[in-house]
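Summary of the model geometry
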Amino acid sequence: MNIDLNPVFGITGKKMDIDYTIKAEDVDEYPRVSDVKVFGSVQNKTDIVTLTITCSYELTCLCDRCAEEITRHIDQKIEHELIKNLEDEQDISYIEVPDGNLDLDELIREDIILNLPYLFLCKEDCKGLCVQCGANLNDGECKCKSPTDPRLSALLDLLD
Ligand SMILES: [Zn+2]
Ligand SMILES: [Zn+2]
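Each value, and the rule that gives it
- Residues numbered from 1 in each chain as written.
- Chains lettered and ligands numbered in written order.
- Predicted model: local features only at pLDDT ≥ 70, side-chain atom pairs only at ≥ 80, totals over all residues.
- Heavy atoms only, no water.
- Pairing = 2+ DSSP bridges.
- Helix = DSSP H or I, 4+ residues; strand = E, 2+ residues; numbered from the N terminus.
- Donors = N, O, S within 2.8 Å, 3.2 Å for Na, K, Ca; no water.
- Tetrahedral: all angles 85-135°; square planar, octahedral: opposite > 155°, others 65-115°.
- Buried < 20%, exposed > 50% of the residue type's maximum accessible area, 1.4 Å probe, protein only.

**Notes on the pairing of strand β5 (residues 48–62)**
Note that strand β3 (residues 32–33) and β5 share 2 bridges and pair antiparallel. Among the inter-strand pairings, Val33 is bridged to a residue of β5, identified as Leu59. As judged from the 9 bridges shared by strand β4 (residues 36–45) and β5, these two strands associate in the antiparallel manner. In the strand pairing of β5, Val38 is matched with Cys55. Between β4 and β5, which follow one another and run antiparallel, lie 2 residues, and Thr46 among them has a positive phi close to 45°. With 14 bridges connecting them, β5 and strand β6 (residues 69–83) associate as antiparallel partners. Bridged to Thr50 within β6 is Glu81. What sits between β5 and β6 in their antiparallel hairpin is a turn of 6 residues, with Ala67 showing a positive phi close to 65°.

What follows is the structure, given as structure tokens:
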């Protein structure tokens, strides 16, 4: 969605509500993201317009250890300060909107991708797959014998 922020930039204290949905196909293919519900506002605070929104969506991807499909609900808070003329180019914390028009979908899409976890795990202690037979070890031990340290077998022999 393109938002015309000019009415907000004009008046200090002016606020505009944001409440819409971005279609899933406009977000990304993998990891799969559902429709994104966007709720919040833009508000003018002395010539800086602050965007404060929450994006709610389901994220579906494969566990990096066991390849099970997992779906998580995510409420992602996003806040940006928007400014019409960026004078100090070093300051990248502001987003420049020279003509007052903001492509909000694109901004949200980037923020969602940046927020993706480095590692997707179905659960913190996912045991993954057996390297020999490929069995999912979360479902229980597989038939493969775990390689035993020869020194340990010698010790076990002694105990017998
Ligand atoms: Zn897993
Ligand atoms: Zn195995």
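**Describing the coordination of the zinc ion (ligand 2)**
Binding of the zinc ion (ligand 2) to the protein goes through Cys130 (SG), Cys133 (SG), Cys142 (SG) and Cys144 (SG), at separations of 2.3 to 2.4 Å. Its 4 donor atoms give the zinc ion (ligand 2) angles of 105 to 114° at the centre, a pattern that matches the tetrahedral case. Owing to a relative accessible area of 43%, Cys133 belongs among the partly exposed residues under this scheme. On the accessibility criterion, Cys144 (27% relative accessible area) is partly exposed.

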